[in-house]
Amino acid sequence: MIDVNAIGKGILKKIQGARPEKEERACGKIIASGDGVVHVTGLHDVKYNELLEIKGGYRALALNLEHDSIGAVLFSGDDKVGCGDYVYSTGETVHMRVGEELLGRIVDPLGEPLDGLSEFLTTEYRPVEFPAPSIMDRGKVNTPLQTGILAIDSMIPIGRGQRELIIGDRQTGKTAIAVDTILNQKNENVICIYVSIGQKASSLAKIISTLRNAGAMDYTCVVSSTADDPVPLQYLAPYSGCALAEYFMYQGKDVLIVYDDLSKHAVAYRTMSLLLKRPAGREAYPGDVFYLHSRLLERAAKLSEEKGGGSITAIPIVETLAGDISAYIPTNVISITDGQIYLESELFNSGVRPAVNVGLSVSRVGGSAQRTSIRNISGQLRVNLAQYRELAIFMQFGSDLDAETQKTLSRGAKMTTTLKQRQYLNYSVKDMLVLLTVSQSELVDRIPEKKVESFNEGLLDFIRVNKQDLYTEIDPDQKLSADIKKKILLIAEEYINCSMGVEQGNLPIGVHAEA
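Cut-offs used in this document
- Residues numbered from 1 in each chain as written.
- Predicted model: local features only at pLDDT ≥ 70, side-chain atom pairs only at ≥ 80, totals over all residues.
- Heavy atoms only, no water.
- Helix = DSSP H or I, 4+ residues; strand = E, 2+ residues; numbered from the N terminus.
- Buried < 20%, exposed > 50% of the residue type's maximum accessible area, 1.4 Å probe, protein only.
- Polar contact = N/O pair within 3.5 Å; in protein donor to acceptor, adjacent residues only side chain to side chain.
- Contact = heavy atoms within 4.5 Å.
- 1 Å grid on protein atoms, 1.4 Å probe; cavity = no way out; pocket = protein on both sides within 12 Å on 5 of 7 lines; lining within 4 Å.
- Points joined across faces, edges and corners; volume = space filled by probe spheres on them.
- Nonpolar A, V, L, I, M, F, W, Y, C, P; charged D, E, K, R; others polar.
- pLDDT = per-residue confidence, 0-100.
- Pairing = 2+ DSSP bridges.
- Axes fitted to C-alpha atoms, helices over the stretch in contact; angles between N-to-C directions.
- Phe/Tyr/Trp six-rings, centres within 6.5 Å; stacked < 30°, edge-to-face > 60°.
- Right-handed = clockwise from strand over helix to strand, strands pointing away.
- Disulfide = S-S within 2.5 Å.
- Parallel < 35°, antiparallel > 145°, perpendicular 65-115°, else oblique.
- Left-handed = near helix turned anticlockwise from the far one by under 90°.

1. Overview of unusual backbone geometry
Here comes step 1: Cis geometry is found at the peptide bond from D260 to D261, where omega equals -5°.
Here comes step 2: Here D261 is to be found in the loop between β13 (254-260) and α6 (262-275).
Here comes step 3: At the junction of R353 and P354, the peptide bond is cis and its omega measures out at 5° in the coordinates.
Here comes step 4: Within the element layout of this structure, P354 appears in the loop between α9 (345-349) and β16 (362-363).
Here comes step 5: Backbone geometry at D35 places phi at a positive 55°, although glycine is not the residue there.
Here comes step 6: Mapped onto the fold, D35 is located in the loop between β1 (27-34) and β2 (37-41).
Here comes step 7: Residue classification places D35 among the exposed positions, given a relative accessible area of 60%.

The following block contains the structure:
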């Protein structure tokens, strides 16, 4: 008798023990190669942005899907790959390695370590291109992301989930603001990702050294693509950094990502597009250069509580030429983002640092992402500075000025000095409240303009050492009471008397003004 059950069990056992054979992959040939671009024929099932493998262990990215050939850009092996080499499809788009162990590390846009430390153990990956959260999945941007920079936190506040552009000419302090913001996230429970796009390796090394010395690398990952790297890696870098940020955001965490800078990113994309013979448009950029950045920056969001409540705050940097913010790439990115911090060369050269032009800088999220106390006390600050700058221009004509106008000019100059802040000196919210309260009172008339900067630093040190109980009374999320304002002014007056003497200035002791 034939035992059908035994035969069935034997077949099942063989099936379970069988090893899967290697999948057959489509194979094509390179018909043209040069300048880091290859044209492949014979592949008919390749997707856009798919990784291709080339004989010899090299990889390429498929970007042009034409009728009878595929245009791809090489990640490496430009001088090793040539006509006739075999190309294999992988069926996979580019993925970025993600995981907690990437924090504190320096990686390339494909997730490979560049710092010479141990290899990664994580097996998790995310696609570098991913749809942005839908409108229904987003929540309100109402939690501040403190930069520690007085001029920004008081007048151009940034919220968690916002996209705030830093724009200005070269050497005006754009990267310095971004690095200061990363340093200020220590103990704020914010994960930071710094994406370097086409920078000099020496500049990037200085930034990494600064982050390490300040202990910021504990919560920071650096995605590096320097000027020496192939153009496709520079093109992929911001998307790879965003994929890593999304990994943390969908876990309910807050992430800050800096793209430094998107001008070089657009140039890298233009280079690839021209080599792939795509039609050129304005300033030789391809027609889809707007979509290049919009699909990246739209992925920054504040998720709703139902989706975990995580957020990605994006700080893209764009470089202008001779202050021209009406150029192609600056106008594109300005229209995508939720505000911009405009840095001016004239201000920078005159010693105002950070060189923020208050008139052209704006935050479209505004006060909804600002601490209540800061919003309450800095409400008139922007208007007062604008009036001072108008008067300062008028004063150049040499007209005789009345006492009230001279007082306004003096206070405006002192407020401008108060807003100056050297690099790596970050203020806490309570420090900012003290400085804003004193700088908008009549006490400031007793301080010589040249001594305002040293006075501010000395006053904060005086409070930290001798008047620590003041900071325990201040609640940054509540409006400053009249009693606390009075106490701040009394302490400031005491410090003036200690440091400058009672006879300094024209005001008698005890004269105060509400901030």
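Continuing now.
2. With respect to the side chain of T418
Here comes step 1: Residue position: T418 is located in helix α12 (residues 403-419).
Here comes step 2: Overall, T418 belongs to the buried group, its relative accessible area being 3%.
Here comes step 3: At 3.4 Å, the side chain of T418 forms a polar contact with the side chain of N456.
Here comes step 4: When sequence neighbours within four positions are dropped, the list of residues in contact with T418 reads L150, L435, S439, V452 and N456.

3. Examining helix α8 (residues 328-336)
Here comes step 1: For α8, a buried count of seven out of nine residues is recorded, marking the element as mostly surrounded by other parts of the structure.
Here comes step 2: Buried within α8 are the following residues: Y328, I329, P330, N332, V333, I334 and I336.
Here comes step 3: Where α8 is buried, its residues touch β10 (165-168), α6, α7 (289-297), β14 (311-319) and β15 (339-343).

4. Overview of the layout of surface pockets
To locate leftover empty space, one rolls a probe as large as a water molecule over the atoms.
Here comes step 1: Roughly 960 Å³ of internal volume is contained in the largest pocket.
Here comes step 2: Lining the largest pocket we find 32 residues, and of these Q171, G173, K174, T175 and A176 sit closest to its centre.
Here comes step 3: Going through the elements one at a time, α3 (174-183), β11 (190-199) and α4 (201-213) are the ones with two or more residues in the lining of the largest pocket.
Here comes step 4: Among the elements that make up the lining of the largest pocket, the one with the highest residue count is α3 (six residues).
Here comes step 5: Counted by class, the lining of the largest pocket contains ten nonpolar, eleven polar and eleven charged residues.
Here comes step 6: For the second largest pocket, the calculated volume is near 370 Å³.

5. Some points on the confidence of the model for the protein chain
Here comes step 1: Per-residue pLDDT for the protein chain has a mean of 91; in total, 95% of the residues score no lower than 70.
Here comes step 2: Per-residue pLDDT stays below 50 along residues 502-515; that stretch engages in 28 contacts with residues further than four places along the chain or on separate chains.

6. Side note on the sheet that holds β14
Here comes step 1: Taken in spatial order, the eight strands make up an open sheet running β8-β12-β11-β13-β14-β10-β15-β16, and their pairing is mixed. Strand pairing shows two members of the sheet lacking a second neighbour, β8 (106-107) and β16, which therefore form its edges.
Here comes step 2: Its contacts with the sheet put α3 on β10, β11, β12 (220-226), β13, β14 and β15, and the angle it makes with β14 is roughly 160°.

7. Observations concerning the packing of aromatic side chains
Here comes step 1: If you walk through the whole model with that rule in mind, you get seven aromatic pairs.
Here comes step 2: Aromatic pair Y235 and Y269: ring centres 5.5 Å apart, planes at 20°, arrangement stacked. Taken together, the positions of Y235 in helix α5 (residues 231-249) and Y269 in helix α6 put the pair 34 residues apart, joining distant regions of the chain. Both residues of the pair, Y235 and Y269, belong to the buried class.
Here comes step 3: Every member of this aromatic cluster is reached through a ring pair, and the members are Y235, Y239 and Y269.

8. What to know about the pairing of β11
Here comes step 1: Judged by how many residues are buried, β11 sits mostly within the fold: ten of ten residues are covered.
Here comes step 2: One ladder, built from seven bridges, connects β11 with β13; its direction is parallel. Each bridged residue has a counterpart across the sheet, and for S196 the counterpart in β13 is D260.
Here comes step 3: Across seven bridges, β11 lies against β12 in parallel orientation. Residue pairing in the sheet places I193 in a bridge with C221 of β12.
Here comes step 4: On the question of chirality, the crossover connecting β11 to the parallel β12 by way of α4 is right-handed.

9. Details of the state of the cysteines
Here comes step 1: Following the criterion strictly, the structure yields zero disulfides and no others.
Here comes step 2: In this model C27 remains outside any disulfide bridge; the closest cysteine sulfur is found in C83, 15 Å from its own.
Here comes step 3: Exposure remark for C27: the relative accessible area of 34% places this residue in the partly exposed category.

10. Focus: the pairing of β1
Side-chain direction in a regular strand flips from residue to residue, so the side chains alternate between the two faces of the sheet.
Here comes step 1: Where β1 lies against strand β6 (residues 86-93), three bridges are found, and the strand directions are antiparallel. Bridging from a neighbouring strand, K29 pairs with Y86 of β6.
Here comes step 2: Pairing geometry for β1 and β2, over five bridges, is antiparallel. Bridge pairing in β2 links G34 to V37.
Here comes step 3: Between the antiparallel neighbours β1 and β2 lie two residues, among them D35 with a positive phi of about 55°.

11. A short note on the packing of α3 against α4
Here comes step 1: Their axes nearest at 10 Å, the elements α3 and α4 cross at an angle of 25°. Judged by the inter-axis angle, α3 sits roughly parallel to α4. With respect to the hand of their crossing, α3 and α4 are arranged in right-handed fashion. Across the interface between the two elements, T175, V179, I182 and L183 of α3 pack against I207, T210 and L211 of α4.
Here comes step 2: Here the residues of the contact of α3 with α4 sort into five nonpolar, two polar and no charged.

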